[in-house]
Amino acid sequence: MANCKESSCQETFKTMIGGQALIEGIMMQGPEKRAIVVRGPEGIVDKVEPVKKRTGWLAWPFIRGVVNFGSAMVCGVKALMYSADFFPEEQGEPSKLDLWLEKKLGSEKMQQAVIYIAVVLGIALSVGLFFLLPTLISGLFDSLVHNAVLRSVVEGIIRIAIFLGYMILVSRMKDMRRVFSYHGAEHKTIRCYEARLPLNVENARQMTRLHPRCGTSFLFVLIVLSILITAIFSALVPISNVLLRMLTRLALLPVIVAIAYEFNRFVGRHDNWLTRILTAPGMWFQNFTTNEPDDSMLEVAIEALTLVLPEQEGADKW
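Rules behind the numbers
Residues numbered from 1 in each chain as written. Predicted model: local features only at pLDDT ≥ 70, side-chain atom pairs only at ≥ 80, totals over all residues. Heavy atoms only, no water. Helix = DSSP H or I, 4+ residues; strand = E, 2+ residues; numbered from the N terminus. Buried < 20%, exposed > 50% of the residue type's maximum accessible area, 1.4 Å probe, protein only. Contact = heavy atoms within 4.5 Å. Areas by Shrake-Rupley, 256 points an atom, 1.4 Å probe, with all protein chains shown as cover. Core = buried A, V, L, I, M, F, W, Y, C linked by side-chain atoms within 4.5 Å. Phe/Tyr/Trp six-rings, centres within 6.5 Å; stacked < 30°, edge-to-face > 60°.

(A) Expanded view of the overall build of the chain. For the chain, the helix and strand inventory stands at nine helices and four strands. Listed by position from the N terminus, the elements making up the chain come as β-β-β-β-α-α-α-α-α-α-α-α-α. In the chain, buried positions account for 42% of the 318 residues. Expressed as a percentage of contacts within the chain between residues at least 6 apart in sequence, the contacts between residues at least 24 apart total 74%. By element, 64% of the accessible surface of the chain is carried by carbon and sulfur atoms, the whole surface being about 17,400 Å².

Next comes the structure, spelled out in structure tokens:
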């Protein structure tokens, strides 16, 4: 068949099914089910659980973006920990803190506590690195830049530079290369499904590893929107104090996440020259977070996607 690495290969359907690369595995989530498939030492292992559908105010536009972002973080950490259990590393005796937590909380509650602590630390690290650090660094130029909007632009340039540097650095880490290859397998499999081709390794192999509805693209949109929104805010409410500017960035973050989510939903549902231009930068960044997978990785991705397909055809339409 024709090579589809530079095109959508006649995409005929846009699915809401999305996934996440794990350690030697993939998590896929559909409208009804979530599946984790890992190629462990004993072979392929899968785990399927139902997805609770949100209703009421949690499903309202803009509110749903913040809720879904938090939920995705929790589910992602759980899935990563599950996949990591298949590849235990050599460890010494448990620490006194570990023993105390297990005694007080029990092993199951301790695991839940670890998950939520990991989520909080992950969000704190991301916010600190991509939002607060650029504001802090830009404060070094306050004596040279007196215009509030221009200060926001300088801050935005620093933010993009940090984001790009982070992506390049992580993409060169040896341990992440296989994870990013599974990320590529996830995208190729979804592309194959959206092209309405039979889900097999041969068809999936031909697809591009880039996808417009990817978490990497969402993060880039988040960065760009933060620049625009903080510039507008700075024009309306100029703030010279660096610490106060950092606090306003934190306060604006839920608004930025909510708008970024709705933006991704909009561009994901349309395919025209405008949406292709809007998604192009985020797609380019995926060159750092996806690698070409091998056939065994595609097999895992196909299995994960198959497990979450809805019973009613088309129920997963984006």
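Now that the structure is up, let's keep going.
(B) Main features of the nonpolar core. Ranked by size, the top nonpolar core spans 26 residues in total, and within it Phe 163 and Leu 222 carry the most contacts. Sorting the residues of this core by element identifies α2 (96–138), α3 (148–171), α6 (215–236), α7 (242–269) and α8 (273–289) as the ones contributing at least two each. Dropping the residues within four chain positions of it, Leu 222 is found in contact with Phe 131, Ile 256, Val 257 and Ala 260. Counting 25 residues, the second largest nonpolar core, distinct from the first, contains Ala 21, Ala 35, Val 201 and Leu 298.

(C) View of the packing of aromatic side chains. Across all of its chains, the model carries eleven aromatic pairs by this definition. With a centroid separation of 6.0 Å and an interplanar angle of 85°, the aromatic rings of Phe 13 and Tyr 193 are classed as edge-to-face. Of this pair, Phe 13 sits in the segment before β1 (18–22) while Tyr 193 is found in helix α4 (residues 174–194), placing the two residues 180 residues apart along the sequence. A ring pair is formed by Trp 284 and Phe 285, whose centres lie 5.2 Å apart and whose planes are at 75°; its orientation type is edge-to-face.

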